[in-house]
Amino acid sequence: MGVRVQAEAFDFGAEAAAFGRGLPDVGAIVTFSGIVREDGGTLSEMVIEHYPGMTERALGAIRDEAMARFGLADALVIHRFGPMRPGDQIMMVATAARHRADAFAAAEFLMDYLKSRAPFWKKETRPEGASWVAAKDADEAALGRW
Amino acid sequence: MISGGDGPVTTIEVLYFAWLRERIGAGRERIATDAADVRALIAQLRAMDDRHAAAFADVAAVRVALDQDLADLDAPLAGVREVAFFPPMTGG
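To keep things clear, this report deals only with the structure shown in the data block. (Residues numbered from 1 in each chain as written. Chains lettered and ligands numbered in written order. Predicted model: local features only at pLDDT ≥ 70, side-chain atom pairs only at ≥ 80, totals over all residues. Heavy atoms only, no water.)

## Quick look at helix 2 (residues 54–70) of chain A
Since the α-helix advances by 3.6 residues per turn, residues separated by three or four positions end up pointing in the same direction. Residues and elements named next belong to chain A. Applicable threshold: By the criteria applied, helices consist of DSSP H or I runs no shorter than four residues and strands consist of E runs no shorter than two, each listed in order from the N terminus. What a helix is expected to span follows from its residue count: subtract one and scale by 1.5 Å. Think of it in three bands: residues with accessible area under 20% of the maximum for their type are buried, residues over 50% are exposed, and the middle band is partly exposed, with areas taken using a 1.4 Å probe on protein chains only.
Here helix 2 contains 17 residues, and its C-alpha end-to-end distance of 24 Å stays within 8% of the 24 Å for a straight helix at 1.5 Å per residue. Listed as buried for helix 2 are M54, T55, A58, L59, G60, I62, R63, A66 and F70. Positioned one or two residues after helix 2, G71 has a phi angle of 60°, which is positive.

## As for the packing of aromatic side chains
Ring pairs (aromatic) are described by centroid distance and by the angle formed between their planes. The criterion, for reference: Two rings from Phe, Tyr or Trp (for Trp, the six-membered ring) form a pair when their centres sit within 6.5 Å of each other. Planes less than 30 degrees apart are called stacked, planes more than 60 degrees apart edge-to-face, and all others tilted.
Inspection of the entire model under this criterion finds 11 aromatic pairs over all chains. On the numbers, 5.5 Å between centres and 80° between planes, the contact of F109(A) with W146(A) is edge-to-face. Of this pair, F109(A) sits in helix 3 (residues 100–116) while W146(A) sits in the segment after helix 4 (137–142), placing them 37 residues apart in sequence. Relative accessible area serves as the criterion here: at 1%, F109(A) is assigned to the buried category. Among the residues examined, W146(A) registers a relative accessible area of 25% and is labelled partly exposed. With centroids separated by 6.3 Å and ring planes inclined at 20°, the aromatic side chains of Y16(B) and F85(B) adopt a geometry described as stacked. With Y16(B) in strand 1 (residues 10–16) and F85(B) in strand 5 (residues 82–86), the pair connects residues that are 69 residues apart, well separated along the chain. For the pair shown, Y16(B) and F85(B) are each scored as buried. Every member of this aromatic cluster is reached through a ring pair, and the members are Y51(A), W121(A), F17(B) and F86(B).

## Quick word on the sheet that holds strand 4 (residues 69–71) of chain B
Residues and elements named next belong to chain B. For clarity, the threshold we go by: When DSSP finds two or more bridges between a pair of strands, those strands are recorded as paired. Note on geometry: axes are lines fitted to C-alpha atoms, helical ones only across the stretch in contact, with angles between N-to-C directions running from 0 to 180 degrees.
If you walk across this open sheet you meet the 5 strands as 2-1-5-3-4, and the pairing is mixed. Here the strands that pair on one side only, and so sit at the sheet edges, are strand 2 (28–33) and strand 4. On average, each strand axis in the sheet is inclined to that of its neighbour by 35°, with strand direction left out of account. As defined by bridge partners, strand 1 adjoins strand 5 across 4 bridges and the pair is classed as parallel.

## Let's talk about the interface of chain A and chain B
Applicable threshold: Residues count as neighbours in contact if any of their non-hydrogen atoms are within 4.5 Å of one another. Summed over both partners, the accessible area lost on bringing two parts together, with a 1.4 Å probe, is the buried area. Definition used for salt bridges: Asp or Glu carboxyl oxygen within 4 Å of a side-chain nitrogen of Lys or Arg. What qualifies as a polar contact is a pair of N or O atoms within 3.5 Å, subject to a donor-acceptor requirement within protein and to the restriction that residues adjacent in sequence count only when both atoms come from side chains.
Between chain A and chain B, the residue contacts involve 25 residues of the former and 21 residues of the latter. Between chain A and chain B, a total of about 1800 Å² is buried, with carbon and sulfur atoms accounting for 56% of that surface. Counting across the interface, chain A meets chain B through 3 salt bridges. For K123(A), the salt bridge identified is with E22(B), shortest N-O distance 2.4 Å. Here chain A and chain B share 14 residue pairs in polar contact (both at pLDDT 80 or more) between them. Where the side of chain A that touches chain B is concerned, the elements lending two or more residues are strand 3 (45–50), helix 2, strand 6 (89–97), helix 3 and strand 7 (120–126) of chain A.

## Observations concerning the nonpolar core
Here is the rule we go by: By convention a nonpolar core is built from buried Ala, Val, Leu, Ile, Met, Phe, Trp, Tyr and Cys residues, the set being connected through side-chain atoms within 4.5 Å.
Judged by nonpolar contacts, the single largest core of 37 residues is most densely connected at Y51(A), V38(B), L41(B), F56(B), V83(B) and F85(B). Mapped by element, the contributors of at least two residues to this core are strand 1, helix 1 (18–24), helix 2 (38–46), strand 3 (63–66) and strand 5 of chain B. What F56(B) contacts, discounting residues up to four positions off in sequence, is Y16(B), L20(B), I24(B), I42(B), L45(B), R46(B), V62(B) and F85(B). Counting residues in hydrophobic clusters, the runner-up holds 30 residues, among them A66(A), A75(A), F109(A) and A118(A).

In structure tokens form, the structure reads like this:
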């Protein structure tokens, strides 16, 4: 199903249903969706900037690696950019494999890599102003387990 | 032009994202350079004006992509057409 980078919202349920349809010899599908947190009501808006062209390339390479490493039947990555509000879905991944261990692991692999190896940057607006989200050391460290 | 290296002078497209874009006040610009590697290009950019100096004040906080592939600061610029500077990525 590939990768999609888009400003528009997506329908998680419809995407998940379409992803699972017609896949031969698949015993497990894992889906994950990332959502804008309201952080106790302090966050009013999140804007995601990206690098058109490189984003698609980077996500495609990460997906290809997941497909090969976990022997997936299919994988889908959808990631939005632009302004979003608390409760909005930012992104989703879906993975399909013969067994659940590979499907779960592949979903975690995709998330770990697209957090710190895909060119997205988040800017949050709070009462005190807007600021860029700093990358966490833990996100970089998470790549070490793969 | 401030010399950053001994390579031939070429014009490259330089892109900025997130707070680098904001500090510089532009998302892209064309730069004539003879920089041999990314560090030399950064040295040239820092010397251009206060905005560029502010954007590159802490080089440890800057990541780079050459022709849309992640690279490190010691990577050579030979044959590169597009250089992008940005902070550590925060996707997901």
